[in-house]
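Results of the structural survey
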Amino acid sequence: MQHDELLIGTMLEGKARWVAVRTTDTVEEARRRHGMSPVATAALGRLMTGTLILASSLKGDESITLRLLGNGPLKGVVAVGDAQGKVRGYVQEPLVDLPLKDSGKLDVGSAVGIGELAVSRSLQNGEVYTGMVPMVSGEIAEDLVQYLLTSEQIPSAMLLGVLIAKDYHVAGAGGLLIQPLPGATEGDIQAIESQLGCLDTGISELVAQSQSIDEMLDRLMGQLPYQVLERRAVGFSCSCSKERLSDTLVSIGKKEITNLISDGKAEMVCHFCNEHYPFTLEELQQIYEEVGE
Ligand SMILES: [Zn+2]
């Protein structure tokens, strides 16, 4: 059985680099955990896929957070990825449903809306750098390309796609990033553009139809010569734990904890993975004791 994987390589004799990723299982797990509608699944799936692609150049315990702060009904889409190929994320309004576009595709752009894309990089030394760019369309791949161009001065081509089956399962999800390197000629860039422009199938359909990520890559690259340099496993994974959430309880203060104690119990829910953590009365009283005056 296939599993989600990210491949890194070069093409056109080293004059461009690329990152390709299959995220079908990762996006399906996000859909199942959050109980998301098709358009919410497509939006978060595209953002998580793009996050994994951008996170592939991080080192050690660095991580990257992408936030789509659009004015659409999803009211915000967030994904966090790290150098180990782990990604997690959520949408504010997971049940949003919109009519399909005339093309029959999910209307991710309208669901996300227009606003700012915020990209935060957490470095190994603990510093966090955040860059904000205006979104282009809310379709996500175009927004990330614009971010890479304006914030990092790197011209890129990016494809991100999520295919939802009739029964709402994720049938295919994946992404591709191509960046020309120094030495690439106008002709090289045109060759990349014309190859991506002549794909008659979306990347999510290609993932769904391919028996392996290598087959998907062959179909995406067509006649362009390419080389695979690295392969990594990727997947949905959250860093939450009951200990972390009890720290959050400590930070809300004594008055709120007293209210929870009077209810007799409390349940903390992780935004990123929708895991539920129940706290008993005894645990709440212990947390109450830990809170300073
Ligand atoms: Zn979590």
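Residues numbered from 1 in each chain as written. Predicted model: local features only at pLDDT ≥ 70, side-chain atom pairs only at ≥ 80, totals over all residues. Heavy atoms only, no water.

**Topic: the coordination of the zinc ion**
To keep it simple, the criterion reads: Metal coordination here is assigned from N, O and S atoms located within 2.8 Å of the ion, or within 3.2 Å for Na, K and Ca; omission of water means that sites may look incomplete. Where helices and strands are cited, they refer to DSSP runs of H or I of at least four residues and of E of at least two residues respectively, numbered from the N terminus. Each residue gets one of three labels from its accessible area relative to the maximum for its type: buried under 20%, exposed over 50%, partly exposed in between, using a 1.4 Å probe on protein chains only.
Looking at the metal site, the zinc ion is ligated by Cys238 (SG), Cys240 (SG), Cys270 (SG) and Cys273 (SG), spaced 2.2 to 2.3 Å from it. Positions of the donor residues of the zinc ion along the chain correspond to the pattern C-x1-C-x29-C-x2-C. Here Cys270 lies in the loop between strand 12 (266-269) and strand 13 (276-279) and Cys240 lies in the loop between strand 11 (235-236) and helix 8 (242-252), a separation of 30 residues in the sequence. The pair Cys240 / Cys270 is uniform in exposure class, with both members buried.

**Overview of the side chain of Ser56**
In plain terms, the rule: For this analysis, a polar contact is any N or O atom pair within 3.5 Å, provided that within protein one partner can donate a hydrogen and the other can accept it, and provided that sequence-adjacent residues contribute only side-chain to side-chain pairs. We call two residues contacting when some pair of their heavy atoms lies within 4.5 Å.
Structurally, Ser56 can be placed in the loop between helix 2 (38-55) and strand 3 (63-70). Overall, the relative accessible area of 6% leaves Ser56 in the buried class. Within the structure, Ser56 has its side chain in polar contact with the backbone oxygen of Ile53 (distance 2.6 Å). Filtering out sequence-adjacent residues up to four positions away, Ser56 remains in contact with Leu6, Ile8, Val19 and Arg232.

**Let's talk about a negative patch on the surface**
Counted only if it meets this: For patch building, the residue pool is restricted to those with more than 30% relative accessible area and no salt bridge; the joining distance is 9 Å between like charges and 5 Å between nonpolar side chains (Val, Leu, Ile, Met, Phe, Trp, Tyr). Note on areas: Shrake-Rupley, 1.4 Å probe, and residue coverage restricted to the protein chains presented here. Salt bridges are defined by distance alone: a side-chain nitrogen of Lys or Arg within 4 Å of a carboxyl oxygen of Asp or Glu. Charged-residue counts in this description rest on Lys and Arg as positive and Asp and Glu as negative, His and the chain ends being excluded. Every charge is mapped onto a representative atom, which is NZ of Lys, CZ of Arg, CG of Asp or CD of Glu.
Taken together, the side chains of Glu243, Asp247, Glu289 and Glu290 define an acidic patch exposed on the protein surface. Elements supplying a minimum of two residues to the negative patch: helix 8 and helix 10 (281-290). Inspection of the secondary structure puts Glu243 in helix 8.

**Notes on the domain arrangement of the chain**
Note the cut-off: Residue ranges for the domains originate in an automatic or database domain assignment. Simply put, the buried area is the total loss of 1.4 Å probe accessible area from both parts when two parts are fitted together. Throughout this entry, Asp, Glu, Lys and Arg are counted as charged residues, while Ala, Val, Leu, Ile, Met, Phe, Trp, Tyr, Cys and Pro are counted as nonpolar. The remaining residues, Gly among them, count as polar.
Domain annotation for the chain reports domain 1 (5-236) and domain 2 (242-290). With eight residues of domain 1 at the interface, the matching set in domain 2 holds five residues. Considering only the side of domain 1, the residues that lose the most area to domain 2 are Arg33, His34 and Tyr90, jointly responsible for 68% of the buried surface there. Seen at the junction of domain 1 and domain 2, the total is one salt bridge. Linking Glu275 and Arg33 is a salt bridge whose minimum nitrogen-to-oxygen distance equals 3.1 Å. Elements supplying a minimum of two residues to the side of domain 1 that touches domain 2: helix 1 (24-34), strand 4 (77-82) and strand 5 (86-91). For the side of domain 1 that touches domain 2, the leading source of residues is strand 5, giving three residues. Considering only residue class, the side of domain 1 that touches domain 2 consists of four nonpolar, two polar and two charged.

**Remarks on the packing of aromatic side chains**
Put simply, the rule reads: Pairing of aromatic side chains requires ring centres within 6.5 Å, counting the rings of Phe and Tyr and the six-membered ring of Trp. Pairs whose planes differ by under 30 degrees are stacked, by over 60 edge-to-face, and all others tilted. Any Lys NZ or Arg CZ that is within 6 Å of a ring centre and within 35 degrees of that ring's normal is treated as a charge sitting over the ring.
Applying the stated criterion across every chain, the model contains two aromatic pairs. Between Trp18 and Tyr226, the aromatic rings sit 5.9 Å apart at their centres with planes inclined by 80 degrees, giving edge-to-face as the arrangement. Highlighted residues: Trp18 in strand 2 (residues 16-22) and Tyr226 in strand 10 (residues 226-233), separated in sequence by 208 residues. For the pair Tyr90 and Phe272, a centre-to-centre distance of 5.1 Å together with 80 degrees between the ring planes defines the contact as edge-to-face. One end of the pair, Tyr90, is in strand 5; the other, Phe272, is in the loop between strand 12 and strand 13, and 182 residues separate them in sequence. In this structure, Arg88 is placed above the aromatic ring of Phe272, and the distance from its NZ or CZ to the ring centre is 4.9 Å.

**Looking at the pattern of salt bridges**
Taken as a whole, this structure holds 16 salt bridges when the rule is applied. By sharing partners, the salt bridges in this structure join Glu29, Arg32, Arg33 and Glu275 into a single network.

**Points about the sheet that holds strand 4**
Note the following rule: Here a strand pair is declared whenever DSSP counts at least two bridges between the two strands. Fitting a line to C-alpha atoms yields each axis, with helices limited to the stretch in contact; the angle taken between N-to-C directions then spans 0 to 180 degrees.
Strand order in the open sheet formed by six strands is 7-6-3-4-5-11, with mixed pairing between adjacent strands. Both edges of this open sheet fall to strand 7 (128-134) and strand 11, since each of them pairs with a single strand only. Note that strand 5 and strand 11 share two bridges and pair parallel. Along strand 11, the bridge assignment pairs Lys86 with Gly235. With respect to the sheet, helix 4 (residues 141-152) is in contact with strand 3, strand 6 (115-122) and strand 7, its orientation differing from that of strand 6 by roughly 65 degrees.

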